[in-house]
Amino acid sequence: MNPEVIRKIRKIGKSIKILYVEDDHKIASQVEKLLLKLFKNIKYVDNGMKGLAEYKLDTYDMVITDIMMPEMDGLMMIKKIKEINEEQLVIVTSAYNDSDKLIKLVDLGVDRFVLKPIDATRFINLISKEVINIYNAKRKIFLEKKQQQKNLEKELIIESLFAPIVIFQRGCVDYANELFVKTFNQKNDANIILGRLFDDELLQGMNNNEVLEHLSQNQTYVYTLSVQTYEKVQYIIKVTQIKNSSKLMCFFLEIDQLNAVKSTRLPENNDLQIDFTTGFLLRNGFRKKISGCKANGIEYNAICFGLKHIDEYIKQFGVSSLQKIYTKFSEYLVDNFSTLLKDEVAELFSFNVNRFVILVHKDFSKEVEESLNDFFQHYSYKNEGFTRNQAMSIDFLAYNIDNHESLDDIISEVDNYLYMLKD
């Protein structure tokens, strides 16, 4: 198999869960070793009764099973599994090429059959193709949800074409409407630096999150901005948070046009749920997100984490550098989890000083945990004027959220996990 394909399967395999049922322990040992080369999350049991019991306790992307087994054979186990989830992917391994059994397997919705003795190359190729199909199906669902959210945002923009509008997420531009691009002579990309539009030198020296925090606290203040024609134009800037999102929308209302649009109702949000040091959602945003997940039956895990060795940062860079350190840390986190954040299978939250949570779809939880373990190998902090780097090591604890728990119990448990972290 192509090495690039193997790397891809291993990466995808971190989030794939396999239930393997086989009563012949010698064969099971060989197949399990084969699977562990690509996958980490494999549950092995030695008969159909145990297999069904395990399936009822958890969800699996793939079930691999023998047919002839004690207590409950593979056919009966598959029938029971399909009654729970008729879409479940099942791959059957058997030494018997019995036409009657093959017909029963087809009737049960099983279309993958591997004859024993198992050919390792063919077996892995088959499994790999199915895993890629599973991953693509999951990704398609997430991208469809993401597109639905974008469509809602664009509807807001279309309804508000009287003003330049720009949407930020974690300090980067997510979208700018055409009027914003033309008015301020900008490109519609993530590299817009908001402070450069202002006449105020204080704002010019701020990063996007700092400017957004200032604007959110001064929503009636009149600002002077430079427009495409090099004129100086006065604006009132309204900042509002998009519902159930870490995105902030800025409306630029030109003073001379306010009378013409004064009857138009703007979105209002006096309780922004954003930590402007990091650009992450706050505790109340986490509460709303979990509430939505519970209502929709979406299963997420909360991985609670914080920077280790804070005392070393203070010794090297001083207490006054902590805000810069957390700002840089947040930038690194966004960079490290860019794909998951973009696909909206994960969201970052700031609960307190050096206490963060990444809420991640349970299928990607292992991938996040491994990435946090290796974080220090890729990211470090260096203050201006200092020669030494401080590696950014992370202490974390993973909390498997039970959607049957109450919202208050979930928040309380997250707080407990955050309290147990080491600084």
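Quick summary incoming for the structure in this document.

**Comments concerning the packing of aromatic side chains**
Both the distance between ring centres and the angle between the ring planes are used here to describe each pair of aromatic rings. For the structure shown, the criterion picks out 22 aromatic pairs. Between Phe305 and Phe329, the ring centres sit 6.3 Å apart and the planes meet at 75°, which makes this aromatic pair edge-to-face. Of this pair, Phe305 sits in strand β13 (residues 300-307) while Phe329 is found in helix α13 (residues 322-336), placing the two residues 24 residues apart along the sequence. Aromatic pair Tyr313 and Phe317: ring centres 6.4 Å apart, planes at 40°, arrangement tilted. In this pair, Tyr313 and Phe317 are both assigned in helix α12 (residues 310-317), four residues apart and thus about one turn of the helix distant. Classification of Phe317 as buried rests on a relative accessible area of 6%. An aromatic cluster is built from Phe280, Phe305, Tyr326, Phe329, Tyr332, Phe356, Phe375 and Tyr379, whose rings are joined through pairwise contacts.

**Re the nonpolar core**
Within the largest apolar cluster, 48 residues are counted, with the highest numbers of intra-cluster contacts made by Phe198, Phe252 and Phe286. Per-element accounting of this core gives the leading share, five residues, to helix α16 (residues 407-419). In this view, Phe252 contacts Ala163, Pro164, Val166, Phe180, Phe184, Leu194, Leu225, Tyr235, Ile236 and Ile237; residues no more than four positions away in its chain are not counted. Counting 31 residues, the second-largest nonpolar core is a separate cluster that includes Ala346, Phe356, Phe375 and Phe396.

**So, the environment of Phe349**
By the element assignment, Phe349 lies in strand β14 (residues 346-352). Along the primary structure Phe349 and Leu359 are separated by 10 residues, whereas in three dimensions their C-alpha atoms are 7.8 Å apart.

**Quick word on helix α15 (residues 365-373)**
Regarding α15, the residues found buried are Ser365, Val368, Glu369, Ser371 and Leu372. Looking straight down α15, one finds its buried side chains confined to an arc of 165°; they lie on one side. Contact partners of the buried residues in α15: β13, α13, α14 (338-342), β15 (355-361) and β18 (394-400).

**Here's the deal with the pattern of salt bridges**
Taken as a whole, this structure holds 18 salt bridges when the rule is applied. Of the charged contacts, one joins Lys362 and Glu299 as a salt bridge, the two residues approaching to 2.8 Å between their closest N and O atoms. On the criterion of sequence distance, the pair formed by Lys362 in the loop between β15 and α15 and Glu299 in the loop between α11 (283-296) and β13 is long-range, its members being 63 residues apart. Taking the relative accessible area as the measure of exposure, Glu299 reaches 38% and is therefore partly exposed. Close ionic contact of Lys328 with Glu331 constitutes a salt bridge, the shortest N to O distance being 3.2 Å. Taken together, the residues Lys328 and Glu331, both in helix α13 and three residues apart, mark about one turn of the helix. Assessed through its relative accessible area of 30%, Lys328 is described here as partly exposed. Each of Glu22, Asp66 and Lys116 takes part in one network of salt bridges that share partners.

**What about unusual backbone geometry?**
Omega for the bond connecting Lys116 with Pro117 falls within 30 degrees of zero, at -5°, which places this linkage in the cis form. Relative to the elements of secondary structure, Pro117 occurs in the loop between β5 (112-115) and α6 (120-158). One non-glycine residue, Asn185, adopts positive backbone phi at about 55°. Mapped onto the fold, Asn185 is located in the loop between α7 (178-183) and α8 (201-204). Although it is not a glycine, Asn354 adopts a positive phi angle of roughly 60°.

**Details of the packing of α11 against α16**
It is at 10 Å that the axes of α11 and α16 come closest, and there the two elements cross at 130°. Classified by the interaxial angle, the pair formed by α11 and α16 is oblique. Judged by the twist between their axes, the crossing of α11 over α16 is right-handed. Across the interface between the two elements, Arg283, Phe286, Arg287, Ile290, Ser291 and Lys294 from α11 touch Leu407, Asp408, Ile410, Ile411, Val414 and Asp415 from α16.

**Some details on the pairing of strand β3 (residues 62-66)**
Each regular strand displays side chains that alternate between the two surfaces of the sheet. Counting buried residues in β3 gives five out of five residues, a clear majority hidden from the surface. Burial of β3 is two-sided: the residues Met62, Ile64 and Asp66 facing one way and the residues Val63 and Thr65 facing the other way are all buried. The sheet contact formed by strand β1 (residues 17-21) and β3 spans four bridges and is parallel. Its bridge partner being in β3, Leu19 is matched across the sheet by Val63. With four bridges joining them, β3 and strand β4 (residues 90-94) adopt parallel strand pairing. By the bridge assignment, Asp66 is partnered in β4 with Thr93. Chirality of the crossover, the property in question, places the unit of β3, helix α4 (residues 74-84) and β4 among those that are right-handed.

Rules of the game
Residues numbered from 1 in each chain as written. Predicted model: local features only at pLDDT ≥ 70, side-chain atom pairs only at ≥ 80, totals over all residues. Heavy atoms only, no water. Phe/Tyr/Trp six-rings, centres within 6.5 Å; stacked < 30°, edge-to-face > 60°. Helix = DSSP H or I, 4+ residues; strand = E, 2+ residues; numbered from the N terminus. Buried < 20%, exposed > 50% of the residue type's maximum accessible area, 1.4 Å probe, protein only. Core = buried A, V, L, I, M, F, W, Y, C linked by side-chain atoms within 4.5 Å. Contact = heavy atoms within 4.5 Å. Arc of directions from axis to C-beta. Salt bridge = Lys/Arg side-chain N within 4 Å of Asp/Glu carboxyl O. Axes fitted to C-alpha atoms, helices over the stretch in contact; angles between N-to-C directions. Parallel < 35°, antiparallel > 145°, perpendicular 65-115°, else oblique. Left-handed = near helix turned anticlockwise from the far one by under 90°. Pairing = 2+ DSSP bridges. Right-handed = clockwise from strand over helix to strand, strands pointing away.

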